[in-house]
Amino acid sequence: MSGSVVIAGQDASGNLYPAAADGDTLAISTNGTRSTFHYVAQDVTPVATATDVVVLSGSASKVIRVTKVSIVGTATAASIYDHYVIKRTVANTGGTSTTPTAAQADSADSAQTATLRLYSANPSALGTGVSVEANKTYLSASATPGAAALPVVYTFGTRNDKAIVLRGTGESLAINFGGQAVPAGASLYLSIEWTEDAI
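The present account deals with the structure reproduced in this document. (Residues numbered from 1 in each chain as written. Predicted model: local features only at pLDDT ≥ 70, side-chain atom pairs only at ≥ 80, totals over all residues. Heavy atoms only, no water.)

**Description of the packing of aromatic side chains**
Next up, step 1: All chains considered together, the criterion is met by 2 aromatic pairs.
Next up, step 2: Residues Phe37 and Trp194 carry aromatic rings whose centres are separated by 5.6 Å and whose planes lie at 25 degrees to one another, so their mutual orientation is stacked. In this pair, Phe37 is assigned in strand E3 (residues 35–44) and Trp194 in strand E14 (residues 187–198), connecting sequence segments 157 residues apart. With respect to burial, Phe37 and Trp194 carry one shared label: buried. (Phe/Tyr/Trp six-rings, centres within 6.5 Å; stacked < 30°, edge-to-face > 60°. Helix = DSSP H or I, 4+ residues; strand = E, 2+ residues; numbered from the N terminus. Buried < 20%, exposed > 50% of the residue type's maximum accessible area, 1.4 Å probe, protein only.)

So this is what it looks like as structure tokens:
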């Protein structure tokens, strides 16, 4: 219709962008504004019969949304190593772990309130939980790889679905190896990404 305008976007000041004269639309940024955190456990060799290795626990003051988990690694000989991504509704107890600090996507954001744990000895009791993802990790041979070690990547909240939401300190998301024997010479990279916003 003569005189009509097709709106294709909005600038940082709130001004509307019309579609270009040739019918093309302007690209619209999907960059988020929530505080976002990234953590990768590098060159991890799990304990001999590892269960939870990396655990992200929720916060008393923020809603935690897990948006990505990835797992990749090598071993002395090419191996298959099952893994599980488990949402727990009761916290683990016991074990030996450190509490690393994640990288902030934006240094102007507030500090993380979710708690990371990297276990070097299994929890003595695992909290109640259900697997949300599971797969077989192909660990390529570290010295003479016959094939590339490709990461297994899980993304949440990108297909009109919800991200994995952790509410309160009792809820957590764990990267777990089910108590299997760890392949000789295993060296893993385990990463997790999440956002935090007010309750």
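**Focus on the environment of Ala141**
Next up, step 1: For Ala141, the location among the structural elements is in strand E10 (residues 129–141).
Next up, step 2: Taking the relative accessible area as the measure of exposure, Ala141 reaches 12% and is therefore buried.
Next up, step 3: Remark: the alpha-carbon pair of Ala141 and Ala75, spanning 66 residues in sequence, is separated by 5.3 Å.
Next up, step 4: Those residues within four positions of Ala141 in sequence are excluded, and the remaining contacts are Ala75, Thr76, Ala77 and Ala78. (Contact = heavy atoms within 4.5 Å.)

**Re unusual backbone geometry**
Next up, step 1: Of note in this structure, Asp43 is not a glycine but carries a positive phi near 55 degrees.
Next up, step 2: The topology assignment puts Asp43 in strand E3.
Next up, step 3: By relative accessible area, Asp43 is classed as partly exposed at 48%.
Next up, step 4: Non-glycine residue Asn160 carries a positive phi angle of around 65 degrees.
Next up, step 5: The topology assignment puts Asn160 in the loop between strand E11 (152–155) and strand E12 (164–166).

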